[in-house]
Protein chains: 2
Amino acid sequence: MKLGDLPTPCLVLDRRVLVRNIDRMAQAVGRLGVALRPHMKTAKSIDVARMVIANTAATVEGITVSTLAEAEYFSAHGITDILYAVGITPQKLDQVAKLNDAGAKVKIITDDLDVAHAIAAHRGELRALIEIDCGEMLGGISADDPNLEAIGTALGRRLQGVMTHAGHSYAGRGIAEMADLAEAERQSALTAVRRLRAAGLECPVVSVGSSPTALHARALGGITETRPGVYMFGDLFQAEIATVEPDGIAVTVLASVIGRRPAEGRIVIDAGGMALSKDRATESSPHDFGFGLVLDAQGRRSLGMSLVARANQEHGVVDLDRGIALPEFRIGDRVRVAPNHTCMTSAAHDRYYVVDGGDEVVAVWPRISGW
Amino acid sequence: MKLGDLPTPCLVLDRRVLVRNIDRMAQAVGRLGVALRPHMKTAKSIDVARMVIANTAATVEGITVSTLAEAEYFSAHGITDILYAVGITPQKLDQVAKLNDAGAKVKIITDDLDVAHAIAAHRGELRALIEIDCGEMLGGISADDPNLEAIGTALGRRLQGVMTHAGHSYAGRGIAEMADLAEAERQSALTAVRRLRAAGLECPVVSVGSSPTALHARALGGITETRPGVYMFGDLFQAEIATVEPDGIAVTVLASVIGRRPAEGRIVIDAGGMALSKDRATESSPHDFGFGLVLDAQGRRSLGMSLVARANQEHGVVDLDRGIALPEFRIGDRVRVAPNHTCMTSAAHDRYYVVDGGDEVVAVWPRISGW
């Protein structure tokens, strides 16, 4: 099967780029001497998880997930050491305990005293980390929050350590700033873990990491694992902040030309908001790529700054680059679109059509969605 | 089963609101004396399609769809008269012909002379409309485009008529402006069809319509059918432009509180970009609702202008309305989120949990996605 045979729109994954991205992160994490716990929220595919494990020389200490559906899927496929990195609610504890009863080792996170008591009182098998906020202002309490020891004490023997996530590193610019954010992330985790240990609580796990901070950290002394995810696929936004190389975007949307508007310098493609997502991650980055950068059918940047300027449900309106000579497009011609935000774009599709740089489809990998 | 028993995030469909919205449009279209060809791109559910057919007194002339996956799904469920309202490519003709060979009557659209020749030359059973652009600047040629007759002639006996879509009515404000846009939409279709008929071509179908123009058109003389869709569910954006009543939003996302940030006047919920979509349709409407308006667990607007201000992958950060006294939230408490754009939000989910205003789940309706 060739790319030209595929129905459009669909998602193409270039395995050669994926392997390069995995290698790059494996080397970075290897130098830091911590374990890698790759975040599978982007790929949501057992085939990709196996590629990461096979191609990472550093210890892979299980995986990270963003939904219980992912936890169920990956444990059913044999990856059972899982960190569910979204704050748990008491109502979700039964589902976690059921997975653990079936042999999984799902760790959950909380930053709340009531929930810590609910975790401690649950009759199932549960392991928890305390979520620390190192500046992302999403989940977690500050490392100097007065409730920290009380939450740890409430969790009791179910406490396994702490975790934090410098998601605000996505707003960082430049390698020095990323390294500083990684150090702040590390210090946050260490401050929290020192206080818990001083209170007599065991904390074997000290978990940090986003793709930018895992890649650019200068040192991770005291840390046991890091949890990058989006680095596997990359996207325009991550390329802008140098988490992936400019040619490190592994996932693109294959689309067909369905309209020509030569008077306006535009074409219309069959990848709109549904196939690309409406994510505008690059809106505030150095280059604003609209809803995605349009590449040629081979995935090359031969169309200059031709961008998806408008994304209706099933229509993407492409403003063609007027600065360079472009081929004339006919209805049915193919292009590919590099995504702003690969997590959101990939989630719009139920499978990856895998290529090794060329146009031969070498595998079809399913991916999951939902909760 | 009660709403309180459901895993979060999930999609709740209030059937009473759905029926009210269907009634309102049925009356509007009934007064206009045209057939309704409801667009199923929003609901993508046979159960919703059946509700529309059962509750619309005006003739329902089949349905409209936005993907071939929808065409396959609905025809497999017995609704075979289908308009696929996205410009066709030659590569997709085999799939359409296969559906028609199996008993469906799928009409396709084109605005391109080469494609018209490909349609005419195809050995399968095909029916086509010419797509006219009445100002949306997406698909279609202008009604005064010099190629119009040539396209019609190329289609030959496969030509069934014309269609246009005033999608730019979404940028309209006020009932008078919507009525003017509906009239312009009608004139565009009539101009094109007059030219084709003058060239000796038969055009039994003259198809128009978006939700705003179907609802607010003053008259539709010469038109045979209208194709509104989003009116069934409504959303914050459609309420802003008066396509649905303020209490006419039928679909909400049920979410759990997973974080409390009292110092910042915020809570965090487990409905982020994945569950809500990243659509920012209300960005340019009179009220900007961020990524959605937060309602209480019963779906009432008791939380003022509490908005999802930030949508990470699985985290929604809610800025609570500080102007009114709000209850204190605990982890695991439930809220509901009214969506900016119901087509995009619904597409993030694989089923509807149906209620009749209360908290009893009276049905679970699957929905489809993909292409």
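This one's a predicted model, so the numbers in the text were calculated from it and none came from an experiment.

**Quick word on helix α7 (residues 175-198) of chain A**
All names here are of chain A.
Next, step 1: If you check α7, its first and last C-alpha atoms are 34 Å apart, about what 24 residues at 1.5 Å a residue would give, namely 34 Å.
Next, step 2: Buried residues of α7: Met-178, Ala-179, Leu-181, Ala-182, Glu-185, Arg-186, Ser-188, Ala-189, Leu-190, Ala-192, Val-193 and Leu-196, and no others.
Next, step 3: Count one or two residues on from α7 and you reach Gly-200, which has phi positive near 85°.

**Observations concerning the relation of the copies chain A and chain B**
Copy one and copy two of the chain differ by a rotation about an axis and a translation along that axis.
Next, step 1: Mapping chain A onto chain B is achieved by rotating through 180° and translating by 0.0 Å along the same axis, at an RMSD of 0.0 Å. Viewed as a symmetry operation, the transformation between the two copies matches a two-fold axis. Identified as the residue of chain A closest to the rotation axis by C-alpha distance is Lys-278 of chain A, at 2.6 Å.
Next, step 2: In this assembly the copies share their binding face: 100% of the residues contributing to the interface of chain A also contribute to that of chain B.

**Some thoughts on the packing of helix α6 (residues 148-155) of chain B against helix α7 (residues 175-198) of chain B**
Residues and elements named next belong to chain B.
Next, step 1: Their axes nearest at 10 Å, the elements α6 and α7 cross at an angle of 60°. Between α6 and α7, the crossing angle belongs to the class labelled oblique. For the element pair α6 and α7, the recorded crossing hand is right-handed. On α7, the residues that touch Leu-148, Glu-149 and Gly-152 of α6 are Ala-192, Arg-195 and Leu-196.
Next, step 2: Its residues assigned to classes, the contact of α6 with α7 comprises three nonpolar, one polar and two charged.

**Things to note about the interface of chain A and chain B**
Next, step 1: Across the boundary between the two partners, chain A contributes 54 residues, which contact 54 residues of chain B.
Next, step 2: With both chains or domains summed, chain A and chain B bury close to 4,300 Å², and 54% of this area falls on carbon and sulfur atoms.
Next, step 3: Looking at the side of chain A facing chain B, the largest losses of area belong to Leu-138, Gln-313 and Trp-371 of chain A, adding up to 18% of the total buried there.
Next, step 4: Across the chain A-chain B interface, the total number found is eight salt bridges.
Next, step 5: Taking the shortest distance from any N to any O, the salt bridge between Lys-92 of chain B and Asp-270 of chain A comes out at 2.7 Å.
Next, step 6: Where chain A packs against chain B, one counts 20 residue pairs in polar contact (both at pLDDT 80 or more).
Next, step 7: Elements that contribute at least two residues to the side of chain A that touches chain B include exactly α5 (113-121), β10 (251-261), β11 (266-269), α10 (273-276) and α11 (342-346) of chain A.
Next, step 8: No other element matches the five residues that β10 of chain A contributes to the side of chain A that touches chain B.
Next, step 9: Looking at the side of chain A that touches chain B, its residues break down into 20 nonpolar, 16 polar and 18 charged.

Scoring rules and cut-offs
- Residues numbered from 1 in each chain as written.
- Chains lettered and ligands numbered in written order.
- Predicted model: local features only at pLDDT ≥ 70, side-chain atom pairs only at ≥ 80, totals over all residues.
- Heavy atoms only, no water.
- Helix = DSSP H or I, 4+ residues; strand = E, 2+ residues; numbered from the N terminus.
- Expected span 1.5 Å × (residues − 1).
- Buried < 20%, exposed > 50% of the residue type's maximum accessible area, 1.4 Å probe, protein only.
- Least-squares fit on C-alpha atoms with pLDDT ≥ 70 in both.
- Contact = heavy atoms within 4.5 Å.
- Axes fitted to C-alpha atoms, helices over the stretch in contact; angles between N-to-C directions.
- Parallel < 35°, antiparallel > 145°, perpendicular 65-115°, else oblique.
- Left-handed = near helix turned anticlockwise from the far one by under 90°.
- Nonpolar A, V, L, I, M, F, W, Y, C, P; charged D, E, K, R; others polar.
- Buried area = accessible area lost by both parts, 1.4 Å probe.
- Salt bridge = Lys/Arg side-chain N within 4 Å of Asp/Glu carboxyl O.
- Polar contact = N/O pair within 3.5 Å; in protein donor to acceptor, adjacent residues only side chain to side chain.

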